[in-house]
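Structural description and commentary
Below are the chains, spelled out letter by letter.
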Amino acid sequence: HKMLNLLFIVLLMGKQSSFLIQFPFVVILRGDVLTVTSWLAPIVWEGTFDSAVIDGIYKPLNVTIATTVFAVGKYITYLKDFLESAEKHYMVGYNINYYIFTDQPENIPAVTLAAGRSLWSLRVPAFNRWQEISLQRMSFIRKAIEEQIRKEASFIFCLDVDMRFDNHWGAEALGNLVAVIHPWFYQASRDSFPYERRPESLAYVHADEGDFYYGGAVFGGLIDEVYKLTGTCEEHLVIDKGKDIEAVWQEESHLNWYFIYNKPTKLLSMEYLWSDEKVKITELKVVRLSTIKKNLAAVRPN
Amino acid sequence: MKLQLMPPGRGDVLTVTSWLAPIVWEGTFDSAVIDGIYKPLNVTIATTVFAVGKYITYLKDFLESAEKHYMVGYNINYYIFTDQPENIPAVTLAAGRSLWSLRVPAFNRWQEISLQRMSFIRKAIEEQIRKEASFIFCLDVDMRFDNHWGAEALGNLVAVIHPWFYQASRDSFPYERRPESLAYVHADEGDFYYGGAVFGGLIDEVYKLTGTCEEHLVIDKGKDIEAVWQEESHLNWYFIYNKPTKLLSMEYLWSDEKVKITELKVVRLSTIKKNLAAVRPN
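Quantities reported herein were computed from a predicted structural model and do not represent experimental measurements.

1. Considering the side chain of A:His89
All names here are of chain A. Along the polypeptide, His89 turns up in helix H3 (residues 79–89). Polar side-chain contacts of His89 include one of 3.4 Å to the backbone oxygen of Asp166. Filtering out sequence-adjacent residues up to four positions away, His89 remains in contact with Phe165, Asp166, Asn167, His168 and Trp169.

2. Some details on the packing of helix H3 (residues 110–132) of chain B against helix H5 (residues 230–241) of chain B
Where H3(B) meets H5(B), the closest approach of the two axes is 7 Å, and the angle between their N-to-C directions is 35°. Residue-level inspection shows B:Trp110, B:Gln111, B:Ser114, B:Leu115, B:Arg117 and B:Met118 of H3(B) in contact with H5(B), the latter providing B:Gln230, B:Glu231 and B:Leu235.

3. Some details on the UniProt feature "active site" (unreviewed entry) in chain A
Residue and element names in this part refer to chain A. Within this structure's numbering, the places UniProt gives as "active site" (unreviewed entry) are Glu252. Accessibility expressed as a relative area gives 13% for Glu252, which makes it buried. The contact partners of Glu252, leaving out residues within four places of it in the chain, are His182, Tyr213, Tyr214, Gly215 and Gly216. A polar side-chain atom of Glu252 sits 2.7 Å from a polar atom in the side chain of Tyr213.

4. A word on the side chain of A:Glu172
Position of A:Glu172 among the secondary structure elements: in the loop between strand S6 (163–165) and strand S7 (177–181). At 2.7 Å, the side chain of A:Glu172 forms a polar contact with the side chain of A:Tyr272. When sequence neighbours within four positions are dropped, the list of residues in contact with A:Glu172 reads A:Val44, A:Phe49, A:Ser51, A:Ile54, A:Lys266, A:Tyr272, A:Arg288 and B:Leu20.

5. Re the interface of chain A and chain B
On the chain B side, the residues contacting the 44 residues of chain A number 45 residues. When the two sides are added together, the surface that chain A and chain B hide from each other amounts to roughly 3500 Å², 69% of it contributed by carbon and sulfur. Applying the counting rule to chain A against chain B returns zero salt bridges. Where chain A touches chain B, the interface holds three residue pairs in polar contact (both at pLDDT 80 or more). Contributions of two or more residues to the side of chain A that touches chain B are made by strand S1 (43–44) and helix H2 (51–58) of chain A. Looking at the side of chain A that touches chain B element by element, the count peaks at three residues for H2(A).

6. A closer look at the UniProt feature "binding site: Mn(2+)" (unreviewed entry) in chain A
Residues and elements named next belong to chain A. Residues annotated in UniProt with the feature "binding site: Mn(2+)" (unreviewed entry) correspond here to Asp160 and Asp162. With residues up to four places along the chain from it excluded, the contact list for Asp160 reads Val69, Phe82, Arg137, Gly216 and Ala217. Side-chain polar atoms of Asp160 contact the side chain of Arg137, separated by 2.8 Å. Tracing the backbone through its elements, the reader meets Asp162 in the loop between strand S5 (155–159) and S6.

7. Description of unusual backbone geometry
With the exception of glycine, the majority of residues adopt a negative phi angle, and the majority of peptide bonds are in the trans configuration. Residues and elements named next belong to chain A. Phi at Asn62 takes a positive value of approximately 50°, unusual for a residue other than glycine. Among the residues examined, Asn62 registers a relative accessible area of 58% and is labelled exposed. Of note, the phi angle at Met91 is positive, near 50°, even though the residue is not glycine.

8. Focus: the sheet that holds strand S11 (residues 269–271) of chain B
Pairing between the strands of a sheet is mediated by backbone hydrogen bonds and can be parallel or antiparallel. All names here are of chain B. The strand order S6-S11-S10 describes an open sheet built from three strands, whose pairing is mixed. Of all the strands in the sheet, the pair left with one neighbour each is strand S6 (143–145) and strand S10 (254–255). Here two bridges tie S10 to S11, and the two strands are oriented parallel to one another. The residue of S11 that forms the bridge with Trp254 is Ser270.

9. Considerations on helix H6 (residues 251–261) of chain A
Residue and element names in this part refer to chain A. Of all the 11 residues making up H6, 10 are buried; the element is thus mostly covered by neighbouring parts of the structure. Turning to H6, its buried residues number three or more, namely Glu251, Glu252, Ser253, His254, Leu255, Asn256, Trp257, Tyr258, Phe259 and Ile260. Buried positions along H6 lie against helix H4 (130–152), S7, strand S8 (214–222) and helix H5 (223–242).

Conventions used here
- Residues numbered from 1 in each chain as written.
- Chains lettered and ligands numbered in written order.
- Predicted model: local features only at pLDDT ≥ 70, side-chain atom pairs only at ≥ 80, totals over all residues.
- Heavy atoms only, no water.
- Helix = DSSP H or I, 4+ residues; strand = E, 2+ residues; numbered from the N terminus.
- Polar contact = N/O pair within 3.5 Å; in protein donor to acceptor, adjacent residues only side chain to side chain.
- Contact = heavy atoms within 4.5 Å.
- Axes fitted to C-alpha atoms, helices over the stretch in contact; angles between N-to-C directions.
- UniProt positions renumbered as here; feature names shortened; annotations may be inferred.
- Buried < 20%, exposed > 50% of the residue type's maximum accessible area, 1.4 Å probe, protein only.
- Buried area = accessible area lost by both parts, 1.4 Å probe.
- Salt bridge = Lys/Arg side-chain N within 4 Å of Asp/Glu carboxyl O.
- Pairing = 2+ DSSP bridges.

Structure (structure tokens):
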């Protein structure tokens, strides 16, 4: 630990006198990326946190982290790799309850879970359109929090299933309300974010609004916060449906609207949601979670 | 040089701690965004200050400069702990801001005042402040606000980096080093050295902080040991085991006696250079 910190200091010697890095215990200064938002929410990158310190805060609290994932139709084929890689890298050492929303509970793969980790299956209908699944997720999560999850966990993360953990994805991600920066839009300016731009939709965002474009594949936080988020998005999705309008990126559009008016208290960098289809960039020191390159025709019902 | 993705607001200083608490510097936050979050909540921010003995002479400048720069536009309740309520200066307060005086005894030793502050604050939270405010900041009085010191400072548990020790390494921080004291910190422990002149957060959090420090101070007193920097020593112990959720850079607590450094773009609050013999009872 000490040797590593000394190494960091040596690496930083080349920089101009930047104080607050002379402490031998300070993790490397990431002077190359934004590490805090304009409302002072931290943005989590490799080098900004010390896992031992983070675990020192959270482990004594003995928290249980609910983790929801939808494995409907052919998407259930992703579940085995998702769970096996999660067991290797996701919140290792913490109590995890996986909640698998699926139309085929009998096809849930047998995966050995570490101590303190359990798996629940919750039945949902099979849909004809993949967009329907995406639109209904908020509703299913909100109901599950109400009926079960709130009694069993203090934090919750809602993840897509077609993903694979490749590296540590840990308790540094915990926070009141947590969003991830979408791997395809970190360089875009707000007027080119793929927000819903039709004023008829409740997910509408004006060209002058917005901070970051967040990925719908990962969001989380305290149970109460995510309950509010999913409840609001569900309401908006229902109202939009009544007006026969479907936001351009379904729930992700509504999620992004929500995060403008309820700013996340912590952002995860693209390390926490990358894509197998993207070439790695210098600033990305670690890829922790990646969406899997897939043949969409093979897995989507429509 | 390639296009920088997500360029930092401040690439020259540490803007987040190893436990991911933000460190507040000029250039890291946008006041309009911060106000957009906090103003709608219509919060009241309690602000305690001790003006005992000759220290009451600092109160006028403290309050007048606070009215110019401190949490402007927010509801503030000043709680002045003093042995001379009749000598509290008349200062015009902006709308939504009020002042309360709470009587404390005059002490023979300035260290006593410093040691008792945690106890007085804890009691006042219990008896009055918790019903009247949602956030609280506990400030020293011998200070002057020079620039914006605003809602970007609000958080669950907020500490400020001591202006004299930001460059020191942890083994040379002036922690209490005698194991007999409850404020004892081992040479291998510690993150930053925090200033006792500014701390704050949610009422409940500061209530816990002041209660714990008060207990430890009482136990130490019973063993006839006084920590090297009184309550500041106990505060620093507390913050190792209850890590602040937000740190304020030295912009938020500087000293008139210090030469400004490049990284300090703004000095927001400064302790006043003073003739200690003239203001201290001992």
